[in-house]
Structures are given as structure tokens and as C-alpha cells.
Amino acid sequence: MTNIVVLIKQVPDTWSERKLADGDFTLDREAADAVLDEINERAVEEALQIKEANGGEVTLLCVGPERATDAIRKALSMGADKAIHIKDDLMHGSDAVQTAYVLATALGTVEGVEMVIAGNEATDGRSGAVPAMIAEYLELPHLTHLRKLEVDGETLRGERETDEGIFNVEASLPAIVSVNEKINEPRFPSFKGIMAAKKKEVSVLTLAEIGVDADTVGLANAGSTVTAVTPKAEKTAGERVTDEGDGGTKVAEYLVASKII
């Protein structure tokens, strides 16, 4: 039996126009369509495969606003058993360290957790460090950026792929794992799964209810601050070069002038 918690996050759709909010320069979550992060779907899929092989239960853990319920329901429709939703306006503007602290604290309220699975990085913040920071807070071993994971009793084995090569890593349960896009192909929710998800338990908790003080989170207490933002340049028409026998020379002159070569 393996009881797994999967960390999920609702993010702006990668293919939508994303921007920062005027004033505090936090992510404007109303400016784009909101979706369950694709890497989280792979994390859920991996948890479900482990459950199917070893038994146990899969619990989702999400920190986010009210609309994050849609992402939670999608992950439940894939087959997860239940979910915990940390919903509190005090989280607005929290950085990766604060978020990791809240997630670690929330994990401490879940009984019998043997494994935590997350994506290697979210498509909005892309810090890629939250799973490792949670492991530091909880003093647990962590296997990160895995492309392959195997559960053998109380032992986890995985393959981490980096620019330097492939590393074989191992840890004992309980442990935290993060996976990359090569780990699996996530299943599509079935109609039965979608209907069942509507009846599954979703516990909605505030920061106070999990024991997090207000002065440890939020924009005012964040360790990093965005002070300004410059919009990306508008696309302009390219320069057309007419080849009258000297086209190659003109292209080379353009590349030199643009400091490309």
C-alpha cells in the first residue's frame, strides 16, 4: 500500500497571452485561460500507475484561488481519490520559498503520506526548486527531475537526465519526487471519471487552519520583488533582400550590422 500526495497547480494556458498585473507586478491570473499544468498531469498519472500496481490512495494538494477548483476536478477525474485545496487571499504575491513552506506545512496535516510527487517546474514561475525546498523543510530525501521512476517496496529508484548525462538515483520512503515530461503520457479523463470527480472529497482550508501565520506569506513578506516590467517588443515586418547577384553579400552585411555574426 502506497499513500501518495500529488502537488498540482493551476496556471495560465501556455498558448494564451500572459502578463503581469499593473501595480504590484504579480501574475495576472485573470488575463488568460487557466488550466491544470501539463506537467502536473504527468505527476498524477505516475501516482495512479503506482497505486494501480501497489494499492493505496492518491490525494491532490493545491494552493490557489477559487478558480483552481477546475484544475482540481480535472485531476480528480483522471482517477485521484480526494483533494486538499489551500485557498486564502493572503497567499497573493507569495514567492517560491513561501509557497514551499505552505505546501510543506499542509503536507504535515495529511496522515500516512509515504510519497509526494510533483512536476519538475510549473510553466508560469519555472523556478524548478519547490519540491527540493519542501524536502528541506520536511527533512525528507528527494529525487528530482526524473524521467523514470520505480517503486520497490520501501525503495524508490529513478533516472535523472541532465546535460551531463543520465544519473541513477535511489531513496527510501517516505520521499519527495519530481518528474519531467518524459516520465509518461497522461491518460484522458473518461466520462465516468468526470462524473465521479463531482462527488469526490475536496477539503478547502485557510492558512490559519493549517497553522501558517499571515506574516510569513504574501507579497509584503516575499524574499523577492518585481519593481518594473517592460512589455515585449511588437513584431515588425522583416527586411526583404532582393537578390540581384549580390544577395549573399547583403544578407551577410545585415547579420554583421545586427551583431549576429
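Residues numbered from 1 in each chain as written. Predicted model: local features only at pLDDT ≥ 70, side-chain atom pairs only at ≥ 80, totals over all residues. Heavy atoms only, no water.

## Brief notes about the sheet that holds strand β4 (residues 56-63)
- Taken together, 9 strands build an open sheet; the order of strands is β9-β8-β7-β10-β6-β1-β4-β5-β11 and the sheet is mixed. Looking along the sheet, the strands with just one partner apiece sit at the ends: β9 (165-172) and β11 (202-205). Each strand axis lies, on average, 30° off the axis of its neighbour in the sheet, ignoring direction.
- Note: strand β7 (residues 142-152) against strand β10 (residues 175-179), 3 bridges, orientation parallel. (Pairing = 2+ DSSP bridges. Helix = DSSP H or I, 4+ residues; strand = E, 2+ residues; numbered from the N terminus. Axes fitted to C-alpha atoms, helices over the stretch in contact; angles between N-to-C directions.)

## A closer look at a nonpolar patch on the surface
- Among the surface-exposed residues, Leu20, Val226 and Val229 lie close enough to one another that they form a single nonpolar patch of about 210 Å² accessible area.
- Within the secondary structure, leucine 20 is located in the loop between β2 (10-12) and β3 (34-36).
- The class for leucine 20 is partly exposed, based on a relative accessible area of 34%. (Patch = residues over 30% accessible without salt bridge, like charges linked within 9 Å, V, L, I, M, F, W, Y side chains within 5 Å. Areas by Shrake-Rupley, 256 points an atom, 1.4 Å probe, with all protein chains shown as cover. Salt bridge = Lys/Arg side-chain N within 4 Å of Asp/Glu carboxyl O. Buried < 20%, exposed > 50% of the residue type's maximum accessible area, 1.4 Å probe, protein only.)

## Observations concerning the pattern of salt bridges
- Tallied over the entire structure, the rule returns 15 salt bridges.
- Put simply, arginine 147 and glutamate 159 hold a salt bridge, and the shortest N to O gap is 2.9 Å. On the criterion of sequence distance, the pair formed by arginine 147 in strand β7 and glutamate 159 in strand β8 (residues 155-162) is long-range, its members being 12 residues apart.
- The exposure class assigned to arginine 147 is partly exposed, which follows from its relative accessible area of 26%.
- Arginine 157 is paired through a salt bridge with aspartate 152; the nearest N and O atoms lie 3.1 Å apart.
- A residue is classified by how much of its surface remains accessible, and arginine 157, at 31% relative accessible area, is partly exposed.
- Members of the salt-bridge network, linked through shared partners, are Arg147, Glu159, Glu161 and Lys182.

## So, the pairing of strand β1 (residues 2-8)
- When you tally the buried positions in β1, you get 6 out of 7 residues, the bulk of the element.
- Looking at chain direction, β1 and β4 are connected through 7 bridges and run parallel. Following the sheet pairing, leucine 7 is matched in β4 by leucine 61.
- Both β1 and strand β6 (residues 115-119) contribute to a ladder of 3 bridges, which runs parallel. Residue pairing across strands places valine 5 opposite valine 116, the latter belonging to β6.

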